[in-house]
Amino acid sequence: MPPAPRRRNTAPPREELLAAVMATIAERGLDGLTMAGLGREVGMSSGHLLYYFRTKDELLLQTLEWSEGRLGAERRALLAGPGTARERLDGYIDLYLPDGHRDPHWTLWLEVWNRARNADDDARARQAAVEAAWHRDLVALLAGGAAAGEFRPVDAERYATRLRALLDGFSVHVAVGLPGTGRPQVLARVGEFIEESLTTR
């Protein structure tokens, strides 16, 4: 019989906890994520976890913020890097869309969106802040591409809202595994939309 996990007197680093949440979602889905199971994974009691996070909703939101922080750093590096505006836009879209069915990051997003119906104002504001970071970066990318003559002159705010709505809708289809909407098909359809509405002739 394997030895029981060693109980810690102090909490593990926050990043270790949140990484364990994402790993559990990736391996077993949200149904497999319980406070008791997570506690066993990191050597803490479920009560100790609740002391730090208060609720499962807060644990999920903090995990989303942590995951988005990592994606945000990757996104900013991509947008500041070399290449044309279209290449950077393609990179943004590639980063935005799920990797495939049951993508853990998008699985988490869908659950946080679902729980937002009953969330308090603070939780809603924090979720909105994550969304706003993606929006701001896209607006800047579109405006820069238009200024360089690579994109048609468009209302960057309005176009970014429309494009992100398109990406969100397709991302849900990819994440839940809707037939006919795999990642390659979605990338092709989004590319067609950009060609028709944004790129110069």
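Here, every reference points to the structure presented above.
About the criteria used
- Residues numbered from 1 in each chain as written.
- Predicted model: local features only at pLDDT ≥ 70, side-chain atom pairs only at ≥ 80, totals over all residues.
- Heavy atoms only, no water.
- Helix = DSSP H or I, 4+ residues; strand = E, 2+ residues; numbered from the N terminus.
- Buried < 20%, exposed > 50% of the residue type's maximum accessible area, 1.4 Å probe, protein only.
- Phe/Tyr/Trp six-rings, centres within 6.5 Å; stacked < 30°, edge-to-face > 60°.
- Core = buried A, V, L, I, M, F, W, Y, C linked by side-chain atoms within 4.5 Å.
- Contact = heavy atoms within 4.5 Å.
- Polar contact = N/O pair within 3.5 Å; in protein donor to acceptor, adjacent residues only side chain to side chain.
- Expected span 1.5 Å × (residues − 1).
- Axes fitted to C-alpha atoms, helices over the stretch in contact; angles between N-to-C directions.
- Parallel < 35°, antiparallel > 145°, perpendicular 65-115°, else oblique.
- Nonpolar A, V, L, I, M, F, W, Y, C, P; charged D, E, K, R; others polar.

**Description of the overall build of the protein**
Part 1 of the reasoning: The number of helices and strands found in the protein is nine helices and zero strands.
Part 2 of the reasoning: Listing the helices and strands of the protein from first to last along the sequence gives α-α-α-α-α-α-α-α-α.
Part 3 of the reasoning: Along the first, second and third principal axes, the C-alpha set of the protein runs to 65 × 35 × 35 Å.
Part 4 of the reasoning: Across the 201 residues in the protein, those meeting the buried criterion constitute 45%.

**A word on the packing of aromatic side chains**
Part 1 of the reasoning: Under the defined criterion, the tally for this structure stands at seven aromatic pairs.
Part 2 of the reasoning: Consider the rings of Tyr-96 and Trp-134, whose centres lie 4.9 Å apart with planes at 70 degrees: the pair is edge-to-face. You can see Tyr-96 sitting in helix H5 (residues 85–96) and its partner Trp-134 sitting in helix H7 (residues 121–147), a full 38 residues away along the chain. The same class applies to Tyr-96 and to Trp-134, which are both buried.
Part 3 of the reasoning: Through a chain of ring-to-ring contacts, the aromatic side chains of Tyr-92, Tyr-96, Trp-106, Trp-109, Trp-113 and Trp-134 assemble into a single cluster.

**Topic: the nonpolar core**
Part 1 of the reasoning: With 53 residues, the main nonpolar core has Leu-89 and Tyr-92 as its most contacted residues.
Part 2 of the reasoning: The greatest single-element share of this core, amounting to eight residues, is contributed by helix H8 (residues 156–176).
Part 3 of the reasoning: Leave out the neighbours within four places in its chain, and Leu-89 touches Leu-138, Leu-141, Phe-151, Leu-163, Ile-194 and Leu-198.

**Here we look at the side chain of Thr-107**
Part 1 of the reasoning: By the element assignment, Thr-107 lies in helix H6 (residues 104–115).
Part 2 of the reasoning: Residue Thr-107 is classed as buried on the basis of its relative accessible area, which comes to 18%.
Part 3 of the reasoning: Leave out the neighbours within four places in its chain, and Thr-107 touches Ile-25, Leu-30 and Arg-102.

**Looking at unusual backbone geometry**
Part 1 of the reasoning: One non-glycine residue, Arg-54, lies in positive phi territory at about 70 degrees.
Part 2 of the reasoning: Positionally, Arg-54 belongs in the loop between helix H3 (46–53) and helix H4 (56–80).
Part 3 of the reasoning: At Arg-102, a position not held by glycine, the phi torsion is positive, near 70 degrees.
Part 4 of the reasoning: Structurally, Arg-102 is set in the loop between H5 and H6.
Part 5 of the reasoning: Taking relative accessible area as the criterion, Arg-102 reaches 61% and is therefore assigned exposed.

**What about the environment of Gln-127?**
Part 1 of the reasoning: Topologically, Gln-127 is positioned in helix H7.
Part 2 of the reasoning: Among the residues examined, Gln-127 registers a relative accessible area of 9% and is labelled buried.

**Regarding the side chain of Glu-131**
Part 1 of the reasoning: Within the secondary structure layout, Glu-131 lies in helix H7.
Part 2 of the reasoning: At 2.4 Å, the side chain of Glu-131 and the side chain of Arg-164 are in polar contact.
Part 3 of the reasoning: With near-sequence residues (within four places) excluded, Glu-131 lies in contact with Trp-109, Trp-113 and Arg-164.

**Details of H7**
Part 1 of the reasoning: The terminal C-alpha atoms of H7 lie 38 Å apart, and with 27 residues this matches the ideal 39 Å at 1.5 Å per residue to within 8%.
Part 2 of the reasoning: N-cap assignment for H7: the residue whose side-chain oxygen lies 3.3 Å from the backbone N of Asp-122 is Asp-120.

**Points about the packing of helix H1 (residues 14–28) against H6**
Part 1 of the reasoning: Running from N to C, H1 and H6 point in directions that differ by 100 degrees, and their axes come no closer than 9 Å. Judged by the inter-axis angle, H1 sits roughly perpendicular to H6. Only Pro-104, His-105, Thr-107 and Leu-108 of H6 make contact with H1, whose side of the interface consists of Met-22, Ile-25 and Ala-26.
Part 2 of the reasoning: When the residues that make up the contact of H1 with H6 are grouped by side-chain class, the tally is five nonpolar, two polar and no charged.

Nothing here speaks to function; it is geometry throughout.
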